[in-house]
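So the chains spell out like this:
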Amino acid sequence: MAGKPKLHYTCGRGKMESIRWLLAAAGVEFEEQFIEKNEHLEKLRKDGDLLFQQVPMVEIDGMKMVQTRAILSYIAGKYNLYGKDLKERAWIDMYVEGTTDLMGLIMQLPLQSAEMREKNLALIIERAKTRYFPVYEKALKDHGHDYLVGNKFSWADIHLLEAILMVEECKPDILSAFPQLQAFKGRISNIPTIKKFLQPGSQRKPPADDKYIANVRKIFNI
């Protein structure tokens, strides 16, 4: 019997958080090995564990996987969250890439100056309202299904809920003009595995604070 996946990353969201979300939604227990010092990162590099010298890295099925997208695709495929055919996978990919872009903007905020943060926060809210959320709102309205692709729970649904919650941390009433997304959020949040992940004490990580960012800068020499 294979052991639990082991996640190597800092004790924060970053690029690993979507991997945590996907594993948790699939009902897969996982372990975490936190990188707390630059020495920990350098040891992984020296030992040849990081193909491109970068984290996140996930030990799974005898592999030491790197590159966030590759890890996510593998997990989605392994746990039947990646559609039934190539066309469904293409739609899942498109939807996931959209939410990835939006979440990427949010992830950069804590690294920015106060002035830039204020400017980019306004941009994120504007993009969510006019570029990203309308796409998902229309998709759910047009096909009338509970899920984004193939009327079956998939990686796209998990990623969208993660994005919605991240944007709500920036602007709590962001969904006021999106009734389909409000209903979607309620449905997906109540799937048992996700409901468990959203409870206090889970392996879900909080938003980055100044202390976390300062430590990240030390670990990665940025």
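Residues numbered from 1 in each chain as written. Predicted model: local features only at pLDDT ≥ 70, side-chain atom pairs only at ≥ 80, totals over all residues. Heavy atoms only, no water.

**Considerations on the UniProt feature "domain: GST C-terminal" (unreviewed entry) in the protein chain**
Put simply, the rule reads: UniProt positions are given in the numbering used here, feature names are shortened, and annotations may be inferred rather than shown by experiment. For helices the rule is a DSSP run of H or I covering at least 4 residues; for strands it is a run of E covering at least 2, with both sets numbered from the N terminus onward.
UniProt annotation of "domain: GST C-terminal" (unreviewed entry) refers to residues 85–208 when read in the numbering used here. Spanning residues 85–208, this segment combines 69% helix with 0% strand, and its end C-alpha atoms are found 37 Å apart.

**Concerning empty space enclosed by the protein**
Rule in force here: Detection works on a 1 Å grid of protein atoms alone, calling trapped sets that fit a 1.4 Å probe cavities and calling open sets with protein on both sides within 12 Å along at least five of seven lines pockets, with lining residues defined by an atom within 4 Å of a point. Grid points are joined across faces, edges and corners, and a volume is the space filled by probe spheres set on the points. When residue character is reported, Ala, Val, Leu, Ile, Met, Phe, Trp, Tyr, Cys and Pro are called nonpolar, Asp, Glu, Lys and Arg charged, and the others, Gly included, polar.
For the structure shown, the criterion picks out two cavities of 30 Å³ or more. Size it by volume and the largest cavity reaches roughly 50 Å³. Lining the largest cavity, in full, are Asn-80, Tyr-82, Gly-83, Glu-88, Ile-92, Val-149, Lys-152, Phe-153 and Ser-154. Tallied by class, residues from the lining of the largest cavity come to four nonpolar, three polar and two charged. In this structure, the second largest cavity spans a volume of roughly 30 Å³. Looking at the second largest cavity, the residues that line it are Arg-13, Glu-17, Trp-21, Glu-162, Met-166 and Arg-204. Every element with two or more residues in the lining of the second largest cavity is listed here: helix 1 (17–25) and helix 6 (155–170). Its residues assigned to classes, the lining of the second largest cavity shows two nonpolar, no polar and four charged.

**A few points about the packing of helix 6 against helix 7 (residues 179–189)**
Working note: a packed helix pair is described by the angle between its axes plus the distance between those axes. Formally: Here, axes are lines fitted to C-alpha atoms. For helices the fit covers the stretch in contact, and angles between N-to-C directions go from 0 to 180 degrees. When describing relative orientation, an angle under 35 degrees is termed roughly parallel and one over 145 degrees roughly antiparallel, while 65 to 115 degrees is termed roughly perpendicular and anything else oblique. By convention, the crossing between two helices is left-handed when the near helix turns anticlockwise from the far helix through less than a right angle, and right-handed when the turn is clockwise. When checking whether two residues touch, look at their non-hydrogen atoms; a contact exists if any pair is within 4.5 Å.
Here helix 6 crosses helix 7 at 115°, and the two axes come no closer than 10 Å. Here helix 7 runs roughly perpendicular to helix 6, going by the angle between their axes. Where helix 6 crosses over helix 7, the handedness of that crossing is left-handed. Between helix 6 and helix 7, the contacting residues are Asp-157, Leu-160, Leu-161, Ile-164, Leu-165 and Glu-168 on the first element and Leu-181, Phe-184, Lys-185, Ile-188 and Ser-189 on the second. Tallied by class, residues from the contact of helix 6 with helix 7 come to seven nonpolar, one polar and three charged.

**Topic: the environment of Ala-156**
Quick reminder of the rule: Under the scheme applied here, a residue whose accessible area is under 20% of the maximum for its type counts as buried, over 50% as exposed, and between as partly exposed, the area being computed with a 1.4 Å probe on protein chains only.
On the secondary structure map, Ala-156 appears in helix 6. Judged by relative accessible area, which is 2%, Ala-156 ranks as buried. Leave out the neighbours within four places in its chain, and Ala-156 touches Ile-92, Tyr-95, Val-96 and Leu-148.

**Some remarks on helix 4 (residues 86–108)**
Our working definition: Here, expected helix span is obtained from the residue count minus one, scaled by 1.5 Å. Distance and chemistry together define a polar contact, namely a pair of N or O atoms within 3.5 Å, with one atom able to donate a hydrogen and the other to accept it when in protein, and with adjacent residues in sequence counting only for side-chain atoms on both sides.
An ideal rise of 1.5 Å per residue puts 33 Å on 23 residues; helix 4 measures up with 32 Å between its terminal C-alpha atoms. Taken as a whole, helix 4 has its buried residues at Glu-88, Ile-92, Tyr-95, Val-96, Gly-98, Thr-99, Leu-102, Met-103 and Ile-106. The N-cap of helix 4, judged by a side-chain oxygen 3.2 Å from the amide nitrogen of Lys-87 a few residues on, is Asp-85.

**A short note on the UniProt feature "domain: GST N-terminal" (unreviewed entry) in the protein chain**
Mapped onto the present numbering, the UniProt feature "domain: GST N-terminal" (unreviewed entry) falls at residues 3–83. Split by type, residues 3–83 is 36% helix and 20% strand. Its first and last C-alpha atoms lie 26 Å apart.

**Notes on the layout of surface pockets**
In this structure, the largest pocket spans a volume of roughly 1200 Å³. Along the wall of the largest pocket there are 44 residues; nearest its centre are Tyr-9, Gly-14, Lys-15, Met-107 and Gln-108. The element contributing the most residues to the lining of the largest pocket is helix 4, with eight residues. Of the residues that constitute the lining of the largest pocket, the class distribution is 22 nonpolar, 11 polar and 11 charged. The calculated volume of the second largest pocket comes to roughly 250 Å³. Lining the second largest pocket are Ala-24, Gly-27, Val-28, Glu-29, Phe-30, Pro-192, Thr-193, Lys-196, Phe-197, Ser-202 and Gln-203. Ranked by residues supplied to the lining of the second largest pocket, first place goes to helix 8 (residues 192–197) with four residues.

**What to know about the pattern of salt bridges**
Applied cut-off: One speaks of a salt bridge when a side-chain nitrogen belonging to Lys or Arg is within 4 Å of a carboxyl oxygen belonging to Asp or Glu.
Summed over the entire model, instances satisfying the criterion amount to 17 salt bridges. For Glu-169, the salt bridge goes to Arg-13, with nearest N and O atoms at 2.8 Å. You can see Glu-169 sitting in helix 6 and its partner Arg-13 sitting in the loop between strand 1 (6–9) and helix 1, a full 156 residues away along the chain. The structure contains a network of salt bridges with shared partners spanning Glu-17, Arg-20, Glu-32 and Lys-205.

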